[in-house]
Protein chains: 2
Amino acid sequence: MTDFAERVLNPKTSDFAVRSLMDVDFYKFTMGQFIFNNYAGIRVKFKLINRDPTIPVADVIPEEELREHLNYVRSLTLRRTDLSFLRGMDVYGKNMFNEEYLAALGTLQLPEFDLKKRGDQFELSVEAAWEEATFWETIMLAVISELYYRNLMKRMTEYELRILYGRATDKLYGKLKLLKANGTSFSDFGQRRRHSFLWQQFALEMATDVMDGLLAGTSNTWMAFNQDLMPIGTNAHELPMVITAIAEGDEAKRKAQYEVLAHWEELYGEGLLVMLPDTYGSEQFFHNMPGDLGNHLARKWRGQRQDSGDPGEECRKFINWLKANNIDDNVIINQKINIFSDGLDVDQMISYKNEFSGKIIGTNGWGTKFTNDFNGCHPNGGDTVPGLSVTWDQVFRTFSVVVKAVEANGNPVVKLSNNINKATGSADAIAEYVRIFGHAGRVEQPVEV
Amino acid sequence: MTDFAERVLNPKTSDFAVRSLMDVDFYKFTMGQFIFNNYAGIRVKFKLINRDPTIPVADVIPEEELREHLNYVRSLTLRRTDLSFLRGMDVYGKNMFNEEYLAALGTLQLPEFDLKKRGDQFELSVEAAWEEATFWETIMLAVISELYYRNLMKRMTEYELRILYGRATDKLYGKLKLLKANGTSFSDFGQRRRHSFLWQQFALEMATDVMDGLLAGTSNTWMAFNQDLMPIGTNAHELPMVITAIAEGDEAKRKAQYEVLAHWEELYGEGLLVMLPDTYGSEQFFHNMPGDLGNHLARKWRGQRQDSGDPGEECRKFINWLKANNIDDNVIINQKINIFSDGLDVDQMISYKNEFSGKIIGTNGWGTKFTNDFNGCHPNGGDTVPGLSVTWDQVFRTFSVVVKAVEANGNPVVKLSNNINKATGSADAIAEYVRIFGHAGRVEQPVEV
């Protein structure tokens, strides 16, 4: 049993925020192979975006400490054991990774990053071949997230720390018991914005214990491997974003999102055929499909991941789209899935379950509120943090930070999203993409995590 | 860092001697598949044999504790992660385990054992389908070995324990430095008679640190997996022993040892083609080969494991046999191997290196004296152990205990060995086998471990 408070006061020298290249979202491997096979060598720039500028990240984390932890990750390579595990996985069918890609992973080292402090924020980016740069996404985030909370905790007393961890443990346990009581299952999607490596590990151990079979798996490859859980993950917005960015002309750009699906289908079996329709708005995605693609996707693909827009409405629209493509109610109810993954917490998961059970298989990708809910856990939450001008409660709440592709072979990279506040890209580039893709069905919602 | 003395005084409830079915010699998997493919269902009885009856095992280990630890192993199954690792291993070529066998491993639970206390010794045996019973061998031994030392250490004071571990650490470090200085490499073969699970893990960590590339790997599958080492192991005497036992008639019995080689070659690539000639004496093994088998083996197989008889002499005989089969000196020097594995310690390994370098690739399987050399480490070694009639030095020396196949489908199972003291089987059965195989080249040597 890890004594978390003690470990904060007396960290081990080996306590790097990310200790293995396996400590990354599993979709980085599935997408990595997709990129390696079809789009290797495209120069992509990924950039840190703190969506909440009231969180003074660079006043909390010393720049040199951040650099040291990121450099440590650059010193890592995958071990023979890791490659054996990836080669031998059979949960999505045998040999899902081909030997060429495994050989490339065997020599992978993460590319150089660029780090500068600007006021109370960091400018952090990486520009390199897409198939390598892509691995930084969740790793950068996990490093920043852990170092942020660690450095805050250095300003706390032993008793505050004990209470902080006591309350967070209590809170997590309560959430899991509530999910269990409601028969609601979930997958852990919380690597990127976790409180810490050890805390994610602990949260998964607790979930395994409390939830019986209701913990479907984890997106953290290292933890799937070490805690014998199902590795979960399919694909993310960066695929259509980059491929659209390098496509030339409006028509090619509108088609790029479907090119992703075609190449994905060539590589992976049914378990990974989950579409993510909201990159440029779900409505145009389903509406613009050429020819009988809609029919094909509705039949062959397992479902969608719902990452923006009103979850209930988006799920209902998806069910209607399946029906419009002549999918039987029975098939929808028993075989098609809708993965909710937009800033979920327990209440939403339970309400989706109540609303959609018997209509479609609803599953949940539960992230930050699973691996990092310390909101209100500081015993003196109203006090100002020493050296900062904000309170403990303000700095300890979960906040939205992402690493996004911003440039591909010199072209701007854009996400529109169903949620206007989740759009990324320059104002000009966003306007240009709205012209191409339209604005149908997009809404304005708060972004929590 | 594990504080070994502290851990003896305050063991964890999870401190079972064997915690995973992967915590087993790797050759159990390679042999397991061989058996599964060719000889599934043969009823084999394995039995514990303490070659040193002055070691009062059953006066030291409470019977109920031994039963509890063995039962714990029976509750274990391989995890999805373990099977993925085995499927994805490529160090001996890809897909070395076929899907039928992996599926069987996925449901493997170790069969029931039979345990009785008889005086100061245990009668411990298992009788079941060969492909299942075989897994007990090194696991039973590791359980007995660890519980033996644990129970002895319960009679020691904190200061005796600290000194015991201090000296053993010192001794191991000195051995490793000496090997390193002499450029002598080895593989760890010490799972079965280790001091403890944690101590083997520690010894491998130390060897990785001290020896640079000179640690060739470990036969412990769990540790190969978790410490990213090369899993080492090919085959053992039980294969020819059982297959000879069920063969009918002298001629069939003499041929059975070559049947093993033929089936082994069908299954495995070059890295695993290492013959073990001494089951019924190496001399008759090389002499009785039918037709041009000798030529074929000398060309295709990588080498031999030398497990009994005078090591220098057996190795020289092997080189001469290769030459007699027209293998070029250059090939022998650079491609053929002789694995020494008979009760090795540092001095032998260095002297074999000096004798054979430039003649053949000599490698070492270093077992008990690597993972369990506590000889002379007790600070009051001359004192009598409380409750026993022997001294600390007497009980703390490494001793020879094995688990051997003794019956196959009702037939006696026999090993003759090059060393008359390593023969196993009833006196009648041994005499019968000597009549069939002859006695050529067999010698009488002490058995240390």
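Details of the structure are given in the entry above.
Since this is a predicted model, take the numbers as computed values, not measurements. (Residues numbered from 1 in each chain as written. Chains lettered and ligands numbered in written order. Predicted model: local features only at pLDDT ≥ 70, side-chain atom pairs only at ≥ 80, totals over all residues. Heavy atoms only, no water.)

Engineer: So what exactly am I meant to see when it comes to the overall build of chain A here?
Structural biologist: Summing up its helical and strand segments, chain A has 21 helices and 11 strands in all. For a compact globule of 449 residues, the expected C-alpha radius of gyration is about 22 Å, and chain A comes in at 21 Å, within 12% of that figure. Overall, the C-alpha framework of chain A stretches about 65 × 50 × 45 Å when taken along its three principal axes. Long-range contacts, defined as pairs at least 24 residues apart, comprise 79% of the intrachain contacts of chain A with a sequence gap of at least 6. (Helix = DSSP H or I, 4+ residues; strand = E, 2+ residues; numbered from the N terminus. Rg over C-alpha atoms; globule rule 2.2 N^0.38 Å. Contact = heavy atoms within 4.5 Å.)

Engineer: Help me out: how do you make sense of the pairing of strand E8 (residues 337–340) of chain B in this one?
Structural biologist: Taken residue by residue, a regular strand's side chains alternate between the two faces of the sheet. Residue and element names in this part refer to chain B. Where burial is concerned, the two faces of E8 agree: the one with Ile337 and Ile339 and the one with Asn338 and Phe340 are both buried. Pairing between strand E7 (residues 303–306) and E8: four bridges, direction parallel. Looking across to E8, one finds that Gln306 is bridged to Phe340. What joins E8 to strand E9 (residues 361–366) is helix H18 (residues 346–356), and the crossover it makes is right-handed. (Buried < 20%, exposed > 50% of the residue type's maximum accessible area, 1.4 Å probe, protein only. Pairing = 2+ DSSP bridges. Right-handed = clockwise from strand over helix to strand, strands pointing away.)

Engineer: Sorry if this is basic, but what is going on with the side chain of Asn235(A) here?
Structural biologist: All names here are of chain A. Among the structural elements, Asn235 can be located in the loop between helix H11 (221–226) and helix H12 (238–246). What makes Asn235 buried here is its relative accessible area of 7%. At 3.2 Å, the side chain of Asn235 forms a polar contact with the backbone oxygen of Val274. Excluding anything up to four places from it in sequence, Asn235 contacts Tyr27, Met31, Trp264, Val274, Leu276 and Arg305. (Polar contact = N/O pair within 3.5 Å; in protein donor to acceptor, adjacent residues only side chain to side chain.)

Engineer: How should I be thinking about unusual backbone geometry in this particular structure?
Structural biologist: Phi is mostly negative for residues that are not glycine, and the peptide bonds are mostly trans. All names here are of chain B. The phi dihedral of Asp228 is positive, around 55°, even though this residue is not glycine. Considering the arrangement of structural elements, one finds Asp228 in the loop between helix H11 (221–226) and helix H12 (238–246). For Asn409, which is not glycine, the phi torsion reads 45° and is therefore positive. Mapped onto the fold, Asn409 is located in the loop between strand E10 (401–408) and strand E11 (411–412).

Engineer: Mind showing me how you'd approach the interface of chain B and chain A here?
Structural biologist: A common way to state how big an interface is: give the accessible area lost once the parts meet. Every contact between the two is made by 18 residues of chain B and, on the other side, 18 residues of chain A. For the pair chain B and chain A, the two sides together bury roughly 1,700 Å², of which 45% comes from carbon and sulfur. The largest per-residue losses of area from chain B upon contact with chain A belong to Arg80(B), Arg87(B) and Asp228(B), which jointly make up 33% of the total buried on that side. Applying the counting rule to chain B against chain A returns four salt bridges. Two residues, Glu99(B) and Lys94(A), come together in a salt bridge whose shortest N-O distance is 3.3 Å. Across the chain B-chain A interface, the total number found is 14 residue pairs in polar contact (both at pLDDT 80 or more). Among the secondary structure elements, those contributing two or more residues to the side of chain B that touches chain A are helix H5 (80–88) and H11 of chain B. A total of six residues in the side of chain B that touches chain A trace back to one element, the largest contributor, which is H5(B). (Buried area = accessible area lost by both parts, 1.4 Å probe. Salt bridge = Lys/Arg side-chain N within 4 Å of Asp/Glu carboxyl O.)

Engineer: Could you clarify how one ought to interpret the relation of the copies chain B and chain A in this entry?
Structural biologist: The pair of chain copies shares a relation made of a rotation about an axis and a shift along it. With an axial shift of 0.0 Å and an RMSD of 0.0 Å, the rotation relating chain B to chain A amounts to 180°. The transformation relating the two chain copies, once decomposed into turn and shift, fits a two-fold axis. Residues of chain B ranked by C-alpha distance from the rotation axis are headed by Gly88(B), positioned 1.8 Å from it. Most of the interface of chain B is mirrored in chain A: 100% of its interface residues are interface residues there too. (Least-squares fit on C-alpha atoms with pLDDT ≥ 70 in both.)

Engineer: Got a minute to help me understand helix H6 (residues 99–106) of chain A in this structure?
Structural biologist: Helical geometry note: an α-helix holds 3.6 residues per turn, so side chains three or four residues apart project in the same direction. Residue and element names in this part refer to chain A. Those residues of H6 not exposed but buried are Tyr101, Leu102 and Leu105. Buried positions in H6, seen along its axis, are confined to an arc of 100° and lie on one side of it. Those residues of H6 hidden inside the fold are in contact with helix H2 (27–38) and helix H5 (80–88). (Arc of directions from axis to C-beta.)

Engineer: Would you explain the pattern of salt bridges in this entry?
Structural biologist: Any two side chains of opposite charge can pair, so long as their charged atoms come close to each other. Taken as a whole and assessed by the stated rule, the structure comprises 72 salt bridges over all chains. A salt bridge links Asp82(A) to Arg79(A); the nearest nitrogen and oxygen atoms lie 3.2 Å apart. Linking Arg162(B) and Glu158(B) is a salt bridge whose minimum nitrogen-to-oxygen distance equals 3.2 Å. One end of the pair, Arg162(B), and the other, Glu158(B), are both in helix H9 (residues 158–181), four residues apart, so they sit about a helical turn from each other. Residues joined by salt bridges that share partners form a network here, namely Asp25(A), Lys28(A), Glu137(A), Arg192(A) and Glu238(A).

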